[in-house]
Amino acid sequence: MVVPSTTTPVVRQETPPQPQPPSHDGIPTVDLSAPGGRGELSRQVARACAEHGFFRAVNHGVPPGPAARLDAAARTFFALPPHDKQRAGPPSPLGYGCRTIGFNGDAGELEYLLLHANPAAVAHRARSIDTDDPSRFSNVVNEYVGAMRQLACEILDLLGEGLGLKDPRSFSKLITDTDSDSLLRINHYPPACTIQKLDHENQCKMKSSFRIKTSNGVNQSAGARIGFGEHSDPQILSLLRSNDVDGLQVLLNCDGREVWVQVPADPSAFFVNVGDLLQALTNGKVISVRHRVIASSCRARLSTIYFAAPPLHARILALPETVTANSPHQYRPFTWAEYKKTMYSLRLSHSRLNLFHID
Ligand code: GA4
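Residues numbered from 1 in each chain as written. Predicted model: local features only at pLDDT ≥ 70, side-chain atom pairs only at ≥ 80, totals over all residues. Heavy atoms only, no water.

(A) Looking closely at the sheet that holds strand β7 (residues 237-242). Across the sheet, which stays open at both edges, the 8 strands sit in the order β1-β2-β10-β7-β12-β5-β4-β3 with mixed pairing between neighbours. Each of the sheet's edge strands pairs with one partner strand only, and the pair in question is β1 (29-31) and β3 (95-101). On average, each strand axis in the sheet is tilted by 25 degrees relative to the strand beside it, whichever way the strands run. Where helix α1 (residues 37-51) meets the sheet, its contacts fall on β1, β2 (54-58) and β10 (270-274), and the angle it forms with β1 comes to roughly 160 degrees. (Pairing = 2+ DSSP bridges. Helix = DSSP H or I, 4+ residues; strand = E, 2+ residues; numbered from the N terminus. Axes fitted to C-alpha atoms, helices over the stretch in contact; angles between N-to-C directions. Contact = heavy atoms within 4.5 Å.)

(B) View of the pattern of salt bridges. Throughout the structure, instances matching the rule amount to 20 salt bridges. Here Arg-136 and Asp-130 are joined by a salt bridge, their closest N and O atoms 2.8 Å apart. A relative accessible area of 44% means that Arg-136 is categorised as partly exposed. Arg-169 is the salt-bridge partner of Asp-157, the closest N and O atoms lying 3.4 Å from each other. Of this pair, Asp-157 sits in helix α5 (residues 134-162) while Arg-169 sits in the loop between α5 and α6 (170-176), placing them 12 residues apart in sequence. (Salt bridge = Lys/Arg side-chain N within 4 Å of Asp/Glu carboxyl O. Buried < 20%, exposed > 50% of the residue type's maximum accessible area, 1.4 Å probe, protein only.)

(C) View of the state of the cysteines. Tallied over the full model, the rule gives 1 disulfide. Note on cysteine connectivity: Cys-193 is disulfide-linked to Cys-298, with sulfurs 2.0 Å apart. Here Cys-193 is found in the loop between β5 (183-189) and α7 (195-200), whereas its partner Cys-298 is found in the loop between β11 (291-294) and β12 (301-308), with 105 residues between them in sequence. With no disulfide of its own, Cys-49 has Cys-153 as its nearest cysteine by sulfur position, at a separation of 14 Å. By relative accessible area, which is 1% here, Cys-49 ends up buried. (Disulfide = S-S within 2.5 Å.)

(D) Region of the structure containing the pairing of strand β9 (residues 257-262). Bridge count for strand β8 (residues 248-254) against β9 is 6 bridges, and the pairing is antiparallel. Looking at β9, one finds that Gln-249 is bridged to Gln-262. Hairpin connection of β8 to β9: 2 residues between the antiparallel strands, including Asp-255 at a positive phi of 55 degrees.

(E) Spotlight on helix α2 (residues 64-78). Between the first and last C-alpha of α2 there are 21 Å, a value that for 15 residues agrees with the 21 Å anticipated at 1.5 Å per step. Turning to α2, its buried residues number three or more, namely Pro-66, Ala-67, Leu-70, Asp-71, Ala-74, Phe-77 and Phe-78. Take α2 and look down its axis: the buried residues cluster within an arc of 130 degrees, on one side only. Turned more than 90 degrees away from the buried face of α2 sit Pro-64 and Thr-76, all of them exposed. (Expected span 1.5 Å × (residues − 1). Arc of directions from axis to C-beta.)

(F) How the structure looks around the site of the ligand. Lining the immediate surroundings of the ligand are 18 residues, of which Arg-185, Pro-234, Gln-235, Phe-307 and Tyr-344 lie closest. At the level of secondary structure, the elements contributing two or more residues to the shell around the ligand comprise β4 (106-116), β5, β6 (226-231) and α9 (336-344). Class assignment of the residues belonging to the shell around the ligand gives a composition of 11 nonpolar, 3 polar and 4 charged. (Near = heavy atom within 4 Å. Nonpolar A, V, L, I, M, F, W, Y, C, P; charged D, E, K, R; others polar.)

(G) Quick peek at the side chain of Asn-187. The residue Asn-187 is located in strand β5 in this model. Side chain to side chain, Asn-187 and Tyr-189 meet in a polar contact 3.4 Å long. (Polar contact = N/O pair within 3.5 Å; in protein donor to acceptor, adjacent residues only side chain to side chain.)

(H) Quick look at the environment of Gln-235. Looking at where Gln-235 falls in the secondary structure, it is placed in the loop between β6 and β7. With 101 residues separating them in the primary sequence, Gln-235 and Trp-336 have C-alpha atoms 8.5 Å apart. With residues near it in sequence (within four places) discarded, Gln-235 still touches Leu-183, Gly-275, Asp-276, Leu-277, Leu-278, Phe-307, Ala-308, Ala-309 and Trp-336.

(I) Structural context of α9. Trp-336, Tyr-339, Thr-342 and Met-343 are the residues of α9 that are buried. Taken end-on, α9 shows its buried residues confined to a sector of 120 degrees, consistent with a single buried face. Structurally, α9 contributes buried residues whose contacts are with α8 (276-281), β13 (315-316) and β14 (334-335).

(J) Structural context of the sheet that holds β11. Read from one edge to the other, the open sheet built from 4 strands follows the order β6-β11-β8-β9, with strand pairing classed as antiparallel. Of all the strands in the sheet, just β6 and β9 have a single pairing partner and so form its edges. Geometrically, the sheet is characterised by an average inter-axis angle of 25 degrees between neighbouring strands, direction not taken into account. When β6 meets β11, the two strands line up antiparallel, connected through 3 bridges. Among the inter-strand pairings, His-231 is bridged to a residue of β11, identified as His-291.

(K) Representation of the environment of Arg-127 within the structure. With respect to the helices and strands, the residue Arg-127 is situated in helix α4 (residues 119-129). Each C-alpha atom, one on Arg-127 and one on Arg-87, is 9.6 Å from the other, the two residues being 40 residues apart in sequence. At 3.1 Å, the side chain of Arg-127 forms a polar contact with the side chain of His-124.

(L) Examining the packing of α1 against α5 more closely. Where α1 meets α5, the closest approach of the two axes is 7 Å, and the angle between their N-to-C directions is 95 degrees. The angle between the axes of α1 and α5 places the two elements in the roughly perpendicular class. Residue-level contacts link Arg-38, Leu-41, Ser-42, Arg-43, Val-45, Ala-46 and Cys-49 of α1 to Glu-154, Ile-155, Asp-157, Leu-158, Leu-159, Glu-161 and Gly-162 of α5. (Parallel < 35°, antiparallel > 145°, perpendicular 65-115°, else oblique.)

In structure tokens, the structure reads:
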């Protein structure tokens with residue numbers, strides 16, 4: 001259960017603050033269609049991003065069709081024989097990957113497709129993913145990415161308003177740039193009960209069980225199967241959607257204590273993660289959330305994450321409204337390309353934004 005934290009929200013409040021309505025399961029939740037007006041909605045988004053860097057977006061207005069079509073295409077791909085899937089790999093970092101994550105020894109109990117969200121890159125990659133009809137796959141991905149970009153922009157604009165920015169579109173402009181470096185990741189976590197079979201078939205050559213290691217040792221549950229280890233997302237904002245199989249956990253602030261909270265699966269919702277760049281752009285007013293996936297279910301988990309990112313050359317510097325005499329610049333300016341280079345030189349769990357912190 002998430003206990004509302006006592007942290008003062010960073011939201012500029014022209015009207016008296018409305019308490020965030022508690023959700024049925026304690027997960028920070030924002031109803032994007034709630035009556036109450038845009039002002040109230042923007043305050044709720046800013047508050048969730050400031051306190052937790054995470055929330056569940058419900059009644060988001062995204063039609064179910066694109067997600068259903070993407071899931072069907074993903075299931076078809078992951079059901080292929082290993083040899084056929086390997087045609088789309090190894091991950092460079094883009095492409096098909098099995099168990100290995102990044103280049104520095106991280107691994108998890110999953111296989112995945114990591115795609116650049118740019119239509120030309122999708123078309124190129126689709127040739128090795130759907131060899132019968134590549135445009136069938138790329139159409140489905142482009143449709144989904146379009147819906148995700150729109151939702152991400154809507155949430156970022158609400159955040160810009162909630163933070164009282166002079167130009168509330170400052171964040172969304174970065175991700176709608178034609179050179180945006182946004183990604184789409186489709187993760188397939190095989191059922192825990194059949195992992196022996198997978199090993200036997202020698203689908204990939206990594207060990208099948210990993211111990212949970214947390215940066216702070218909170219809520220450690222030894223022996224759990226790590227699907228995707230603890231990390232924060234490097235980009236601006238991530239939108240995660242999954243099937244009805246649990247596994248996602250987020251590190252939330254509960255009354256000043258950091259606690260790993262299980263996020264019940266909800267295929268009709270999007271789970272919104274603040275990324276490292278958004279933390280830097282807001283001078284730490286919103287926080288990038290640490291999260292992980294425990295893959296212990298006897299049913300396969302399928303999740304799709306859209307990582308909204310700026311162009312490679314974008315200069316990341318706190319917006320002027322977030323910098324005051326009492327709250328000076330926390331991070332030195334950097335480009336997204338520079339940040340990416342650093343993150344690929346580090347392990348998954350590394351708190352890489354700290355390396356850009358001004359002492
Ligand atoms: C974590 C978030 C995204 O899944 C990702 C990951 C990326 C990768 O899988 O190639 C990274 C990881 C992620 C951060 C640190 C580096 C890079 C693996 C890794 C060890 C696609 C991303 O952008 O950063």
